[in-house]
Amino acid sequence: MKAGATALVVAVAESGPLGPAEPRLPLAFESFLYLRPAHQALQAAGPVLSFYLEAPAAGRTVAQLHVALGPAAGEARSPAQAPFGGIQLAAGLPLPALHQLLDAAETELRQRGVRRLALRGYPFAYHPAGAASLAEALRQRGYRVALAEQNYHLDPARDYEAHLHPSERRRLHKCRRAGLHFEQEPPFLLPAAYEFIEACRQERGQALSLPLARVQELFRRFPKEHFLFSVRQADGEWAALTVAIQVEKQVLYNFYPASPLRCNSFSPVVLLNEGLHAFARASGMAVLDLGTSTIDSGPNASLLRFKRHLGGVAGLRLSWEREL
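**As for the overall build of the protein chain**
Now for step 1: A count of helices and strands for the protein chain gives 8 helices and 15 strands.
Now for step 2: Computed over its C-alpha atoms, the radius of gyration of the protein chain comes to 21 Å, within 12% of the 20 Å expected for a compact globule of 324 residues.
Now for step 3: In terms of overall dimensions, the protein chain has C-alpha extents of about 65 × 35 × 35 Å along its principal axes.
Now for step 4: The proportion of buried residues among the 324 residues of the protein chain is 50%.
Now for step 5: Pairs at least 24 residues apart make up 75% of the contacts formed inside the protein chain by residues separated by at least 6 positions.
Now for step 6: As displayed, the protein chain has an accessible area near 14300 Å², and 54% of this comes from carbon and sulfur atoms.
Now for step 7: Averaged over its 35 positive side-chain charges, the protein chain has a centre that lies 4 Å from the centre of its 29 negative ones.

Written out as structure tokens, the structure reads:
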């Protein structure tokens, strides 16, 4: 993408009865799932402003930003309710073009009485160059990093078992000897799977971020991007489950992994991730996202260690905010 900022225009649209506006020109990149207007419509209860940076000569939209006007007066955020929002941009888009988009967004928000904007970015592993460009543009504009998190991912091109910590490799072999096996489950089992995942989380003092009805709606609306995977015992009982999300063609996100305390001696989540790794590799993906490990009091040290033991590669994930 070599077009200069002078060749670009910003289109601004507010959501209507059918949800957030689609881009007027085709995107020059594959949109992340969470930034598609159809997904935005499920996230936000209130108005969503969509900002599209267009290159008319090329007939393409080269960057996008969706901002939800919050229930609290004077606040706006991206995303409304999703793992991330922020700006997605075409490869090679220059910094002046990002500033042009942000100028337009900040001006529009100020005119609407918004005094504070919060942006949660995607993990750098998804698109390192784009994430770095966005971070630099926001730094230059005076945004402060509200949260810096470690985000771990597995590289499907690397051998899974060879990069496991010896302790996790022993657990993987123990699972196999006990007859545990990985499966892809049909979506009609989602209510039972959700109940299983919720019970596992409750055992560990954790809660799920989405109700069952929302998860079911996501599976209905985006069936090609949502998967249910399990580890079953030899007797057929579940030992681990997860909801996995294909965020874009190169990225699979391990969204809701869970296993009951009764299975701790086996650690079936190690086998679950082996299956996800194989699925991602067979699908030609470049990133199996294990997510961040943050709880209310700060980093979850035991979970961070577990992800490192799985062979996880550490990366960065930033959230920004600015008083407008």
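**Thoughts on the nonpolar core**
Now for step 1: Core analysis: the biggest nonpolar cluster contains 66 residues, and Ile 87, Leu 93, Tyr 126 and Val 247 have the highest contact counts within it.
Now for step 2: Core analysis: the second largest hydrophobic core is formed by 27 residues, Leu 154, Phe 229, Phe 279 and Ala 280 among them.

**Comments concerning empty space enclosed by the protein**
Now for step 1: Per the stated rule, a full pass over the model turns up 2 cavities of 30 Å³ or more.
Now for step 2: In this model, the largest cavity occupies a volume close to 50 Å³.
Now for step 3: Classifying every residue of the lining of the largest cavity by side-chain character gives 3 nonpolar, 3 polar and 3 charged.
Now for step 4: Empty space within the second largest cavity amounts to approximately 30 Å³.
Now for step 5: Around the second largest cavity, the lining residues are Gly 121, Tyr 122, Phe 124, Ala 131, Leu 134 and Trp 320.
Now for step 6: By residue class, the composition of the lining of the second largest cavity is 5 nonpolar, 1 polar and no charged.

**Here we look at helix H6 (residues 212-221)**
Now for step 1: Along H6, the residues that are buried comprise Val 215, Leu 218 and Phe 219. Axial view of H6: buried residues confined to an arc of 100 degrees, hence all on one face. Pointing more than 90 degrees away from the buried face of H6 are the exposed residues Ala 213 and Arg 220.
Now for step 2: Each element contacted by the buried residues of H6 is listed here: helix H1 (37-43), helix H5 (190-203), strand S9 (226-232) and strand S10 (238-248).

**Looking at the packing of aromatic side chains**
Now for step 1: In this structure the tally under the stated criterion is 14 aromatic pairs.
Now for step 2: Measuring from ring centre to ring centre gives 5.2 Å for Phe 32 and Phe 84, while their planes differ by 85 degrees; the resulting arrangement is edge-to-face. One end of the pair, Phe 32, is in the loop between strand S1 (9-14) and H1; the other, Phe 84, is in the loop between strand S4 (75-78) and strand S5 (87-89), with 52 residues separating them in the sequence. In this pair, the class of Phe 32 matches that of Phe 84, namely buried.
Now for step 3: Measuring from ring centre to ring centre gives 5.1 Å for Tyr 34 and Phe 84, while their planes differ by 85 degrees; the resulting arrangement is edge-to-face. Here the residue Tyr 34 occupies a position in the loop between S1 and H1, and Phe 84 occupies one in the loop between S4 and S5, the gap between them amounting to 50 residues. An identical accessibility class is assigned to Tyr 34 and Phe 84; each is buried.
Now for step 4: Among the aromatic residues, those joined into a ring-pair cluster are Phe 32, Tyr 34, Phe 84, Tyr 122 and Tyr 126.

**Topic: the environment of Phe 196**
Now for step 1: Relative to the elements of secondary structure, Phe 196 occurs in helix H5.
Now for step 2: Sequence spacing of Phe 196 and Ala 146 is 50 residues, and the spatial spacing of their C-alpha atoms is 34 Å.
Now for step 3: Not counting residues within four places of it along the chain, the set of residues in contact with Phe 196 comprises Trp 238, Ala 239, Ala 240, Leu 241, Ala 258, Pro 260 and Arg 262.

**Concerning the layout of surface pockets**
Now for step 1: Reported here for the second largest pocket is a volume of approximately 250 Å³.
Now for step 2: Forming the boundary of the second largest pocket are 16 residues, of which Leu 89, Ala 90, Ala 91, His 127 and Gly 130 lie nearest the centre.
Now for step 3: Contributions of two or more residues to the lining of the second largest pocket are made by S5 and helix H3 (128-140).
Now for step 4: Broken down by element, the residue count for the lining of the second largest pocket peaks at 3 residues, all from H3.
Now for step 5: Across the lining of the second largest pocket, the residue classes break down as 7 nonpolar, 6 polar and 3 charged.

Here is what the cut-offs are and how they apply
Residues numbered from 1 in each chain as written. Predicted model: local features only at pLDDT ≥ 70, side-chain atom pairs only at ≥ 80, totals over all residues. Heavy atoms only, no water. Helix = DSSP H or I, 4+ residues; strand = E, 2+ residues; numbered from the N terminus. Rg over C-alpha atoms; globule rule 2.2 N^0.38 Å. Buried < 20%, exposed > 50% of the residue type's maximum accessible area, 1.4 Å probe, protein only. Contact = heavy atoms within 4.5 Å. Areas by Shrake-Rupley, 256 points an atom, 1.4 Å probe, with all protein chains shown as cover. Lys, Arg positive; Asp, Glu negative; His and termini not counted. Charge placed at Lys NZ, Arg CZ, Asp CG, Glu CD. Core = buried A, V, L, I, M, F, W, Y, C linked by side-chain atoms within 4.5 Å. 1 Å grid on protein atoms, 1.4 Å probe; cavity = no way out; pocket = protein on both sides within 12 Å on 5 of 7 lines; lining within 4 Å. Points joined across faces, edges and corners; volume = space filled by probe spheres on them. Nonpolar A, V, L, I, M, F, W, Y, C, P; charged D, E, K, R; others polar. Arc of directions from axis to C-beta. Phe/Tyr/Trp six-rings, centres within 6.5 Å; stacked < 30°, edge-to-face > 60°.

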